Amino acid sequence: MTTREVPTVCRMCHGGCGALVTVDGDRAVAVSGHPGNPNNAGFLCAKGRASVEYTYHPDRLRQPLRRTGPRGSGRYRPIGWDGALTEVADRIAAARDRDGPRSVVLAQGTDRNYQEWLFRFANALGTPNVLGPAHVCFYPRVMAGILTLGGFTFCDYEHDPEVVLLWGSNKAATHGDGVIGTRLLSAVSRGTRLIVVDPHRTSLAARAELWLPLRPGTDAALGLGLLHVVLGEGLVDREFIEGHTTGYEQLAEHVRAWDPRRVAGITGVDAELIVRAARRYATAAPAAIELGTGTAQHSNSFDTARSAVLLSAVCGNLDRPGGDVLWDPQAIIGRRSMPMSEALPPESAAQRLGGDRHRVLSMSGWAHPSAVWRAVLEHDPYPVRTMAVLGSNLLVAYPDSERVHRALSALDFLCVADLFLTPTAAMADIVLPVGGWLERDQIVEHANYVAARRAVTSVGESRSDEEILNDLAGRLGLPGFWESARAALDARLAPAGTTWRELADGYYRPTELRHFTYRERGFATPSGRVALYHEGLRRMGHDPMPVHRPPARATRAGEYLLTSRHSTFYFNSEFRNVPSLRAREPDPRVEMHPGTAAAEGIADGDWTLLEAHGSQALFRARVTDAVLPGVLCAGASWWYPELPPDRSWRVSNVNRLLRDGDENPAMGSSNQRGVPCSVRPAPDEVVAACLRGDLAEWAGELR
Ligand SMILES: Nc1nc2c(c(=O)[nH]1)N[C@H]1C(S)=C(S)[C@@H](COP(=O)(O)OP(=O)(O)OC[C@H]3O[C@@H](n4cnc5c(=O)[nH]c(N)nc54)[C@H](O)[C@@H]3O)O[C@H]1N2
Ligand SMILES: Nc1nc2c(c(=O)[nH]1)N[C@H]1C(S)=C(S)[C@@H](COP(=O)(O)OP(=O)(O)OC[C@H]3O[C@@H](n4cnc5c(=O)[nH]c(N)nc54)[C@H](O)[C@@H]3O)O[C@H]1N2
Ligand code: SF4
Ligand SMILES: [Mo]
């Protein structure tokens with residue numbers, strides 16, 4: 001057997017681990033960690049190791065499909081690519097001509113390196129409506145950084161931080177944005193100390209110097225408390241504040257009321273521990289902050305993210321070795337210029353759905369899901385009848401899944417591109433089969449490098465999202481696209497003076513990290529300084545300084561605080577159909593404290609019914625003192641690939657229990673943390689009916 005080894009970059013998650021793929025002919029036979037990649041140095045997690053199993057999964061979609069049964073039935077017949085793309089282009093063109101381009105919504109899920117393609121397509125088409133989970137994912141951080149200091153910071157693991165404040169983030173399992181999980185762990189093994197803010201004693205919390213076990217949803221109060229101590233005790237970098245910030249006095253006045261005792265009452269974290277954490281962070285030289293979705297999926301998301309940026313600024317940790325640094329992007333047509341934002345007229349951008357309420361989210365280019373569902377269901381403020389979804393399982397990703405389902409049912413036309421017939425894909429009129437990460441040539445842009453991901457195989461007739469969008473743009477006559485997706489690779493690299501061939505042969509191009517760039521050119525804000533008090537936010541009708549908004553409703557007797565977290569062995573809603581990964585976590589879990597379990601008569605391993613907002617979902621109890629008493633921590637994004645698609649998403653989907661309506665004003669982040677919820681043992685017959693997908697039997701029980 002003659003095999004070859006191809007260096008590429010894993011994309012089973014965001015991590016960007018370097019991978020070596022063993023290829024036999026046109027078949028990938030093994031994947032291992034690339035020892036020469038600066039992000040992972042040979043590491044490959046369980047998901048990465050399942051890549052071959054995933055790629056050749058028997059349930060992969062292999063041909064475009066046209067729906068033949070009712071929405072959600074999963075009944076389809078294969079059609080050719082030309083027929084499928086003609087139909088999609090015709091339906092988009094008809095909607096554009098009838099109701100204007102804004103009536104077409106394009107959606108994607110978490111970023112998979114074609115986000116900038118999707119925005120380019122939307123802007124060329126003239127629709128301001130691109131939907132994604134950015135507002136509950138990492139955009140509160142991104143926008144807090146951009147507005148406050150003109151950029152988005154990363155922790156500088158090239159130069160070990162003395163302390164990392166790991167805030168609502170489980171990096172060791174989730175590896176966001178460039179495998180910082182492994183980089184964080186190696187920094188820890190070299191002596192970096194951790195301060196962890198999490199209601200869950202994660203593996204990193206267990207290794208932390210200080211663990212702040214807070215009540216879910218109270219992070220904004222903690223942020224104000226940390227600022228109170230740091231400013232009140234003068235543990236600040238005066239030179240930086242004087243030379244490079246505005247609004248320090250207003251901030252000092254604003255946080256004065258947030259003394260640790262008050263904050264302890266809200267967060268449940270000891271006042272003394274808050275003081276110790278603030279001092280430890282502020283006196284470390286240097287310290288960095290990792291913010292995760294623990295802080296983002298909440299009505300105080302943007303405020304918490306702003307507090308974190310302000311802490312970093314007043315302590316002088318911005319753009320400092322081992323602190324929170326700003327990488328200059330390479331000169332490729334990439335994240336910044338690829339979207340062609342200038343092509344969308346300002347009057348169209350002003351009509352972005354949700355933009356009237358959530359100004360900062362709208363500035364970032366994203367429409368708000370709740371506003372999209374309203375436009376579909378009530379034609380308010382204007383009708384949306386057409387949607388194209390590239391890589392999002394909407395029925396499990398967003399709160400109030402039943403409303404999402406009503407909206408998808410009400411569309412005139414829905415196209416979904418995916419690798420599998422997910423419950424969301426089963427709602428589509430046309431389903432397009434896409435290739436996974438081993439099947440596409442892609443430019444991968446991380447903070448620290450630009451790399452080549454290389455197509456080594458293909459399954460069925462699947463195509464990449466880039467090919468689909470480029471083809472549709474051609475059929476619709478949109479400006480700014482290429483003869484082929486392959487030609488786009490060279491065009492995008494040309495400004496950096498390189499070609500696809502050169503990048504692929506060289507594997508990756510490192511980005512140079514510079515520090516203290518603000519000393520030469522200031523910060524990229526209107527004043528050139530870091531805006532501690534933000535006049536622009538005030539003018540937009542948002543709070544100029546971070547605030548804590550109490551939850552819409554407090555818990556009653558017998559209720560607990562519901563939150564959720566991502567699983568180590570899955571990627572959002574993916575991989576429940578991959579046997580080696582499903583074996584690691586066969587059932588959806590809700591983690592609870594032994595005290596909670598005893599009070600409710602639940603034993604470890606029991607099936608339970610969670611109930612919130614009058615809806616129920618089935619989870620298996622994991623009783624552990626790693627979770628705070630009073631907290632229910634459910635697994636996010638669960639569905640059952642083995643059940644019929646119209647039921648698979650209903651049984652154990654935590655988002656069926658959540659509702660829109662309690663959102664962060666600036667970013668629109670829905671409140672998914674600290675939601676009042678009850679739990680009780682699930683009757684055996686309900687469990688049996690649910691797991692059979694027997695709708696008639698369980699509908700009565702599972703509301
Ligand atoms: N309650 C609760 N809700 C949450 C979260 C939570 O923690 N708790 N997390 C939130 C977060 S942070 C996020 S990012 C969202 C995630 O929401 P989504 O990104 O929508 O995630 P998935 O539900 O996994 O859907 C992604 C789909 O894309 C498909 N896919 C994979 N690769 C490709 C590709 O290259 N092209 C195409 N076309 N399809 C592809 C997968 O098969 C899968 O069906 O969920 C959010 N919702
Ligand atoms: N294995 C794996 N990796 C992933 C993903 C996945 O699904 N699986 N998803 C990817 C995506 S889209 C994203 S956005 C990232 C997310 O990566 P992370 O930000 O690490 O997200 P989670 O692990 O969901 O949640 C982080 C932590 O928040 C804690 N938490 C829960 N509620 C609260 C709260 O109210 N406050 C605070 N401070 N903490 C709270 C949880 O206990 C958990 O330890 O991971 C990415 N990588
Ligand atoms: S952490 Fe992510 S990128 Fe790295 S091997 Fe695992 S799945 Fe692949
Ligand atoms: Mo995310």
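If you're wondering where the values come from, they're calculated on a predicted model, not measured in any experiment.

S.K.: Describe in detail the UniProt feature "domain: 4Fe-4S Mo/W bis-MGD-type" (unreviewed entry) in the protein chain, supporting the description with residues and values.
M.R.: In the numbering used here, UniProt assigns the "domain: 4Fe-4S Mo/W bis-MGD-type" (unreviewed entry) feature to residues 3-59. Annotated as 16% helix and 37% strand, the span residues 3-59 places its first and last C-alpha atoms 26 Å apart.

S.K.: Could you give an account of the site of ligand 3, naming the residues involved and the relevant values?
M.R.: Inspection of the region around ligand 3 gives C10, M12, C13, G15, G16, C17, L44, C45, K47, G48 and H175 as its neighbouring residues. Considering only residue class, the shell around ligand 3 consists of 6 nonpolar, 4 polar and 1 charged.

S.K.: Could you give me a rundown of the domain arrangement of the protein chain, with the residues and numbers involved?
M.R.: Structurally, the protein chain comprises domain 1 (3-55), domain 2 (65-131 + 336-434 + 465-478), domain 3 (139-327 + 517-539) and domain 4 (560-698). Contacts between the two partners involve 10 residues from domain 1 and, on the opposite side, 9 residues from domain 3. Between domain 1 and domain 3 lies a buried interface of about 620 Å² when both sides are counted; carbon and sulfur atoms form 55% of it. Connecting domain 1 to domain 3 are 0 salt bridges.

S.K.: Any chance you could break down the sheet that holds strand β16 (residues 386-390) for me, citing the residues and the numbers?
M.R.: Strands sit in the order β5-β4-β18-β17-β16-β6-β7-β15 across an open sheet of 8 strands; the sheet is mixed. Taken across any chain shown, the strands that pair with only one partner, and hence form the sheet edges, are β5 (76-78) and β15 (366-367).

S.K.: Could you give an account of empty space enclosed by the protein, with specific residues and numbers?
M.R.: One pass over the structure, following the stated rule, counts 8 cavities of 30 Å³ or more. Computed from the structure, the largest cavity encloses a volume of approximately 250 Å³. R141, F152, T153, I289 and L291 are the residues nearest the centre of the largest cavity, which is lined by 18 residues in total. When residues of the lining of the largest cavity are traced back to their parent elements, those giving at least two are α5 (139-149), β8 (154-155), α7 (176-189), β13 (287-291) and α15 (301-314). Tallying contributions element by element places α15 first for the lining of the largest cavity, with 4 residues. Each residue belonging to the lining of the largest cavity can be placed in one class, and the counts come to 10 nonpolar, 3 polar and 5 charged.

About the cut-offs
- In this numbering scheme, every chain counts its residues from 1 along its sequence in written order.
- Lettering for chains starts from A, numbering for ligands starts from 1, and both go in the order in which the items are written.
- pLDDT decides what is reported in this predicted model: residues at 70 or higher carry local features, side-chain atom pairs at 80 or more are listed and counted, and totals for whole chains, interfaces and linings draw on all residues regardless.
- Side-chain measures here rest on the full set of heavy atoms in the structure, leaving out hydrogens and waters.
- UniProt positions are given in the numbering used here, feature names are shortened, and annotations may be inferred rather than shown by experiment.
- Helix and strand assignments follow DSSP, with helices taken as H or I runs no shorter than four residues and strands as E runs no shorter than two, numbered in order from the N terminus.
- Being near a molecule or strand, for a residue, means having at least one of its heavy atoms within 4 Å of it.
- When residue character is reported, Ala, Val, Leu, Ile, Met, Phe, Trp, Tyr, Cys and Pro are called nonpolar, Asp, Glu, Lys and Arg charged, and the others, Gly included, polar.
- Residue ranges assigned to each domain were obtained from an automatic or database domain assignment.
- Any pair of residues with heavy atoms lying within 4.5 Å of one another is described as a contacting pair.
- Note: buried area is the sum, over both parts, of the accessible area (probe 1.4 Å) each one loses when the two are combined.
- The term salt bridge refers to a side-chain nitrogen of Lys or Arg lying within 4 Å of a carboxyl oxygen of Asp or Glu.
- Two strands make a pair as long as DSSP finds a minimum of two bridges between them.
- Grid points spaced at 1 Å over the protein atoms alone were grouped into cavities, where a 1.4 Å probe fits but cannot get out, and pockets, open sets with protein on both sides within 12 Å along at least five of seven lines, with lining residues defined by an atom within 4 Å of a point.
- Grid points are joined across faces, edges and corners, and a volume is the space filled by probe spheres set on the points.

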